[in-house]
Amino acid sequence: MSQPSTKRSSPSPPETTSSSMKKAKSQEHPSLSLSMSHNNDPSSPAANLSRKKATPPHPTKKLLIKLHKGKPTLPTNFEEDTWAKLKSAICAIFLKQPDSCDLENLYQAVSDLCIYKMGGNLYQRIETECEAHISAALQSLVGQSPDLVVFLSLVERCWQDLCDQMLMIRGIALYLDRTYVKQTANVRSLWDMGLQLFRKHLSLSPEVEHKTVTGEAVDRTLLNHLLKMFTALGIYAESFEKPFLECTSEFYAAEGMKYMQQSDVPDYLKHVETRLQEEHDRCLIYLDATTRKPLIATAEKQLLERHIPAILDK
């Protein structure tokens, strides 16, 4: 008996197998697919993101630059040499002589001393130097011209020189005025310091002060300048106004007695009116405005009030 023959043929995969595999792949989880794509393409953004998550970034380092400031070393004898330059300039100002150092360098010298905390010593040195020159200037007036008008002109010239000189010194040492002086209690400005020194040494020269207060000058402009000097020095009321009112009272007391005996009432009253107008004009021209009221009251008291009974009798 013959065996049945079998036909063998190489099996071809059925379509169902291929399609089922495709379907299976399409049904895979999206994250699996993404993961696979990461592994397959290391340069993709997703791969970079994956690496960043896996390796956290290092914290940013700040670059710090430290500057080690050492205190600058001042030249030897810095303070003394700088002061020598300034002293020479101050002397030149008082002596009305030119100085070799220009104003910019002098101003810078003052600034340097103040910056390095030497303002206190500088102020004291300037004050000492100014006092020496102011004292010498006032002492030079002692024994000058016996002519009062000439003498008062010399006093007025000395005062004007001081004002000009202190303004120049203040210009050089302006940085000192704006720093050390403002930051230190009970320290006068350079201008006020100069006035105080002039007032001090004027009082130490009795002859000069007495002639200035009691002197009579025909030049009203000169009188005006001298009285402004007293006002600026802060001695107008005590040194001038008080003795001036006392002299005025004595003068009109004597004049009133004399004129009452020699004149009738109309002439006497006319004379009083003239005197009162003169005192009013004097206040306008050269006396301080504060003097007007007590001056007019003094004249009225000596010329009118004390003579009311005699005027009524006549």
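Check the entry above for the structure.
So, a few notes on the structure that sits alongside this text. The structure presented is a predicted model; accordingly, all values stated were derived computationally and were not measured. (Residues numbered from 1 in each chain as written. Predicted model: local features only at pLDDT ≥ 70, side-chain atom pairs only at ≥ 80, totals over all residues. Heavy atoms only, no water.)

Attention shifts here to the overall build of the protein chain. When you go through the protein chain residue by residue, the secondary structure sums to 15 helices and 0 strands. Here the contacts in the protein chain between residues at least 6 apart in sequence split such that 74% fall between residues at least 24 apart. Summed over all atoms, the accessible surface of the protein chain reaches about 21300 Å², with 55% contributed by carbon and sulfur. (Helix = DSSP H or I, 4+ residues; strand = E, 2+ residues; numbered from the N terminus. Contact = heavy atoms within 4.5 Å. Areas by Shrake-Rupley, 256 points an atom, 1.4 Å probe, with all protein chains shown as cover.)

Okay, the nonpolar core next. Within the largest apolar cluster, 58 residues are counted, with the highest numbers of intra-cluster contacts made by L86, I126, L176, F198 and L287. Ranked by residues supplied to this core, first place goes to helix α7 (residues 148-172) with 10 residues. If near-sequence neighbours (up to four positions away) are discounted, L287 is found in contact with L227, Y236, F240, F244, R282 and L295. (Core = buried A, V, L, I, M, F, W, Y, C linked by side-chain atoms within 4.5 Å. Buried < 20%, exposed > 50% of the residue type's maximum accessible area, 1.4 Å probe, protein only.)

Per the stated rule, a full pass over the model turns up 0 disulfides. Sulfur of C130: no disulfide; nearest cysteine sulfur belongs to C91 and is 9.6 Å away. Residue C130 is classed as buried on the basis of its relative accessible area, which comes to 0%. There is no disulfide at C158, and the cysteine sulfur nearest it, in C163, is 9.9 Å away. (Disulfide = S-S within 2.5 Å.)

Glancing now at the layout of surface pockets. Roughly 310 Å³ of internal volume is contained in the second largest pocket. As for the second largest pocket, its lining consists of 16 residues, of which A137, S140, C158, D161 and Q165 are closest to the centre. Per-element tally for the lining of the second largest pocket: the top contributor is α7, with 6 residues. Split by residue class, the lining of the second largest pocket holds 10 nonpolar, 3 polar and 3 charged. (1 Å grid on protein atoms, 1.4 Å probe; cavity = no way out; pocket = protein on both sides within 12 Å on 5 of 7 lines; lining within 4 Å. Points joined across faces, edges and corners; volume = space filled by probe spheres on them. Nonpolar A, V, L, I, M, F, W, Y, C, P; charged D, E, K, R; others polar.)

For the structure shown, the criterion picks out 9 salt bridges. Notably, a salt bridge pairs K96 with D161, separated by 3.0 Å at the nearest N-O pair. Here K96 is found in the loop between α4 (78-94) and α5 (103-115), whereas its partner D161 is found in helix α7, with 65 residues between them in sequence. Relative accessible area serves as the criterion here: at 58%, K96 is assigned to the exposed category. (Salt bridge = Lys/Arg side-chain N within 4 Å of Asp/Glu carboxyl O.)

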